[in-house]
Amino acid sequence: MLTMGIESSAHTFGVGIADNGKVLANEKLMYDVGSRGMIPSKVAETHVRNARTVVRMALEKAEVGIKEIGGVGYTKGPGIGACLQVGQLTAKTIANGLGVKIVPVNHAVAHVEITKHETKLRDPIALYVSGGNSQILKLTGEPFRHYQILGETFDVGVGNMLDAFAREIKLRPAWGSTVAKLAINGNYIEMPYTVKGMDFAFTGLLTYASSLAGKKNKEDLCYSIQETSFAMLCEATERALLLTNSDELEVCGGVAQSTRLQEMLRSVCKEHGMRFGVARNEYNADNGGMIAYVAERMLKSGKSEPLDRCDIQQRYRIDKAVVV
Amino acid sequence: MRKLSEGAEAKVFETRVFGVEAVVKLRQKKAYRIMELDETLRRTRTRKEARAMLRTSEAGVSVPRVLGLGKFSIYMEKVSGKLLKDVPGKRVSFANMGAMLAKMHAANVTHGDFTPANVMVSGRRMYIIDFGLSDISNSIEDRAIDLLLMKRSISERQYKELAGSYAKAYAESKRVFSRLADIERRGRYQIRTLA
């Protein structure tokens, strides 16, 4: 049986096809953020235009026909409401047309689980870092099987913080990855550093760095904001690893693509003889493959929902999602 | 030197100061962060921790005596005893603990990690240890978090005892309790503890 997974929580419309734990296709089209960031209605319009194309791309990539799809999964949340609705509608239309089972999937669970699958780690602490989210997670069995949040951001996600900074200093494209490129030739400027146990906060850092826009050179600002924010994540993560006596760490989500963050986390693990894992970039960016992978497992364990109960939830927290 | 414990930012070793048994808390270099940031954090945190310990001690609360201070290290008295988290039933006087917390907060010190893992029970005396996450501040939020972290790890009856004596001994306690109720109502910003 093949399972199709549809992702549309933010700027990416992605469709994946999974077959017994193997991802056969992982296709996507993205909204161009340019220098403005994301305008929800515009992103959703783009997804509506792209939906059919991406579904077709995935079927072609997997070399299968739509009739061979035996189950559908979609991202229920967390994400931008208008965007989530497009994926939800696409999934419901396909499931209804084919008369197959459908299951809502938590986006964060999908990132953590596909990374666990790719890296073959058994029971890692997960650092989930993306635009809207920054959390330190651990799988627990009580009172149901779910990811417990050990630590998280008090305000914004690290990705959105870096993107917002990129817009403040007028980088193009206004992405954290552009900040990373400029950071290579920067020098350190002291900036606010906020870690409380396993939690952390980024807005103080963002406000301070933005206030220096135009007064200090861009390279130095990019270098310092990146080093400071990543060091905060590393400290909180290291504390979580030691407090839980864990010996494995995975990093996932869009910001996990940063080679500097990977290098820093690898260094944390090396110091304590722990194993470190990160998935290929196609799974760190938002994608439908991870949704297909998790949806397949959920459907196999009987977790489907009737069509009229297939909703979306913008703030669908990971600790509310059952993990199979 | 024998290592006693290891946390995310420091290691604690057994040592001797002028022939007396002592411990040294050493903030070691972290290879993951750049040298400038690493040194700044280690230096300022070491200084802040020592200052918080001294202030708390001056306020009449039992903490390990600070014996010496290096750039990245604090030498302190070795307190023997059992951590409260390892005391069966946590049978201690929570009224005393409430009074200790009140004195510390009145001296503008917030602990930042006030859990049964950071209270040492030595005979009839209790010591507050590990000021690694402490702050010198008048933040009501930080005070409420000190209460909250302990509340999460003890029984309802024990908390009542603690809160009762804290309320009596600390003039600002009303504001702290009202903030505590706010924090407990928040969704995303829940404070977690593993102790």
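Predicted model, so just to flag it, every value in this text is computed and none were measured. The numbering scheme is per chain: residues are counted from 1 as the chain's sequence reads. Whichever chain is written first is A, and whichever ligand is written first is 1; the rest continue in order. Under the rules for a predicted model, residues below a pLDDT of 70 receive no local features and side-chain atom pairs below 80 are neither given nor counted, while totals for whole chains, interfaces and linings still include all residues.

**Side note on the overall build of chain B**
In plain terms, the rule: Numbering of helices and strands runs from the N terminus; a helix is a DSSP stretch of H or I covering at least four residues, while a strand is a stretch of E covering at least two. Each radius of gyration is computed over the set of C-alpha atoms, and the globule rule expresses the reference value as 2.2 Å times the number of residues to the power 0.38. The burial label depends on the number of other C-beta atoms within 10 Å of a residue's C-beta. Counts of 20 or more mean buried, 12 or fewer mean exposed, and intermediate counts mean partly exposed, with C-beta atoms placed from the backbone. Think of it this way: build a C-beta for each residue from its backbone, and any pair within 7 Å is a contact.
From N to C terminus, chain B includes five helices and ten strands. Taken over C-alpha atoms, the radius of gyration comes to 17 Å for chain B, in line with the 16 Å a tight globule of 195 residues would show. When its C-alpha atoms are laid out on the principal axes, chain B stretches across 40 × 40 × 30 Å. Taking all 195 residues of chain B together, 36% fall into the buried category. In chain B, of all internal contacts separated by at least 6 residues, the share reaching a separation of at least 24 is 68%.

**Looking at the overall build of chain A**
What chain A contains, in helices and strands, is ten helices and twelve strands. Against the globule reference of 20 Å for 324 residues, chain A gives a C-alpha radius of gyration of 19 Å, in line with a compact fold. Principal-axis analysis of the C-alpha atoms gives chain A an extent of 60 × 45 × 30 Å. When burial is assessed residue by residue, chain A has 54% of its 324 residues classed as buried. Counted over contacts in chain A with a minimum sequence separation of 6, partners at least 24 positions apart contribute 78%.

**Overview of the interface of chain A and chain B**
Keep this limit in mind: The classification used treats Ala, Val, Leu, Ile, Met, Phe, Trp, Tyr, Cys and Pro as nonpolar, Asp, Glu, Lys and Arg as charged, and all other residues, Gly among them, as polar.
Opposite the 21 residues of chain A that make contact, chain B presents 18 residues. Taken together, the residues of the side of chain A that touches chain B sort by class into ten nonpolar, four polar and seven charged.

**Looking at the domain arrangement of chain A**
All names here are of chain A. Let me state the cut-off plainly: Domains are outlined according to an automatic or database domain assignment.
If you check the domain split of chain A, you get domain 1 (2-110 + 283-320) and domain 2 (121-281). Look at where the C-alpha atoms of domain 1 and domain 2 centre, and you get two points 26 Å apart. Mapped by element, the contributors of at least two residues to the side of domain 1 that touches domain 2 are helix H3 (107-119) and helix H9 (281-284). For the side of domain 1 that touches domain 2, the residue count by class is eight nonpolar, four polar and two charged.

**Some words on helix H1 (residues 40-62) of chain A**
This is how the line gets drawn: A helix is expected to span 1.5 Å for every residue after the first.
The terminal C-alpha atoms of H1(A) lie 31 Å apart, and with 23 residues this matches the ideal 33 Å at 1.5 Å per residue to within 8%. Looking one or two places after H1(A), you find Glu63(A), whose phi comes out positive at around 55 degrees.

**A few points about the sheet that holds strand S8 (residues 146-152) of chain A**
Residues and elements named next belong to chain A. Note the threshold: Should DSSP find at least two bridges between two strands, the strands are regarded as paired. Axis lines are fitted through C-alpha atoms, for helices just across the contact stretch, and the angle between N-to-C directions can take any value from 0 to 180 degrees.
Taken in spatial order, the five strands line up as S8-S7-S6-S11-S12 in an open sheet, and their pairing is mixed. The outermost strands of the open sheet, each flanked by one partner alone, are S8 and strand S12 (275-278). Direction aside, neighbouring strands of the sheet carry axes that sit 25 degrees apart on average. Pairing between strand S6 (residues 125-129) and strand S11 (residues 248-252): four bridges, direction parallel. What sits directly across from Ala126, in S11, is Glu250.

**With respect to the packing of H3(A) against helix H10 (residues 288-300) of chain A**
All names here are of chain A. Spelled out, the test is: Note on angle classes: values under 35 degrees are labelled roughly parallel, values over 145 roughly antiparallel, values of 65 to 115 roughly perpendicular, and the remainder oblique.
Running from N to C, H3 and H10 cross one another at 85 degrees; their axes reach a closest spacing of 9 Å. With respect to H10, the axis of H3 lies roughly perpendicular. Residues Val109, Ala110, His111, Glu113, Ile114 and His117 of H3 pack against Gly289, Met290, Ile291, Tyr293 and Val294 of H10. Of the residues contributing to the contact of H3 with H10, the split by class is seven nonpolar, three polar and one charged.

**Considering H3(A)**
Note on helix geometry: an α-helix contains 3.6 residues per turn, so any two residues three or four positions apart are oriented the same way. Residue and element names in this part refer to chain A. Counted at 1.5 Å a residue, the expected span for H3 with its 13 residues is 18 Å, and the 19 Å between its end C-alpha atoms agrees. Counting buried positions along H3 yields twelve of 13 residues, so the element is predominantly enclosed. Of the positions making up H3, those classed as buried are His107, Ala108, Val109, Ala110, His111, Val112, Glu113, Ile114, Thr115, Lys116, Glu118 and Thr119. Backbone geometry just downstream of H3 places Lys120 in the positive-phi region, at approximately 60 degrees.

**Focus: the domain arrangement of chain B**
Residue and element names in this part refer to chain B. For chain B, the assigned domains are domain 1 (3-77) and domain 2 (82-185). For domain 1 versus domain 2, the separation of C-alpha centres amounts to 22 Å. Tallying the contact residues gives 16 residues for domain 1 and 15 residues for domain 2. Of the residues contributing to the side of domain 1 that touches domain 2, the split by class is seven nonpolar, four polar and five charged.

**Quick word on the confidence of the model for chain B**
Interpretation of the predicted coordinates at a detailed level should be avoided for regions scoring low in pLDDT. Heads up, the rule is: pLDDT measures how confident the predictor is about each residue, on a scale from 0 to 100.
Confidence along chain B averages 93 in pLDDT terms, with 95% of residues attaining 70 or more. Here the predicted complex carries an ipTM of 0.89, next to a pTM of 0.91.

**Some remarks on the pairing of S12(A)**
Residue and element names in this part refer to chain A. Cut-off, in case you're wondering: Assignment of crossover handedness uses the view with strands pointing away from the viewer, where a clockwise path from the first strand over the helix to the second indicates a right-handed crossover.
Sheet topology note: the S11/S12 ladder contains four bridges and is parallel. By the bridge assignment for S12, Val251 is matched with Val278. Read from S11 through helix H8 (residues 259-272) to S12, the crossover connection turns out right-handed.

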